[in-house]
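Results of the structural survey
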Amino acid sequence: MGIKDQFQGKAEQLKEKARKGGQNETSDRRRQVEDRARERGQQGRDRARDAADDARDRLQS
């Protein structure tokens, strides 16, 4: 199961909890999960960009 699937599954669980009365807590947790997913995505893009830069530098040397 990929990270995206894990976060989507957790978001669905939190939505269901909100329907049962935990609206504020659920919204906060969902935002936290989404923020973590965004951060992890950015970290992955940063690592990929760094690897591409390193490869380009090696080819140019």
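Everything in this summary refers to the structure shown in the same document. Residue numbers run consecutively from 1 along every chain, following the written order of its sequence. For this predicted model, a pLDDT threshold of at least 70 governs which residues receive local features, and a threshold of 80 or more governs which side-chain atom pairs are given and counted, while totals over whole chains, interfaces and linings are taken from all residues. With hydrogens and water set aside, each side-chain value is computed from the structure's full complement of heavy atoms.

**Quick notes on the pattern of salt bridges**
The line we're drawing: By salt bridge we mean one thing: a side-chain nitrogen of Lys or Arg within 4 Å of a carboxyl oxygen of Asp or Glu. Secondary structure follows DSSP: runs of H or I at least 4 residues long count as helices, runs of E at least 2 residues long count as strands, and numbering of each begins at the N terminus. Exposure is judged per residue with a 1.4 Å probe applied to protein chains only, and the accessible area is read against the type maximum: over 50% gives exposed, under 20% gives buried, and values in between give partly exposed.
In this structure the tally under the stated criterion is six salt bridges. Asp28 is paired through a salt bridge with Arg31; the nearest N and O atoms lie 3.0 Å apart. Within this pair, Asp28 and its partner Arg31 are both found in helix α2 (residues 23-60), separated by three residues, close to a single helical turn. You can call Arg31 partly exposed: its relative accessible area is 44%. The salt bridge partner of Arg30 is Glu34, with a shortest N-O separation of 3.8 Å.

**Some remarks on the environment of Gln13**
Inspection of the secondary structure assignment puts Gln13 in helix α1 (residues 3-19). When its relative accessible area of 52% is taken as the criterion, Gln13 is described as exposed.

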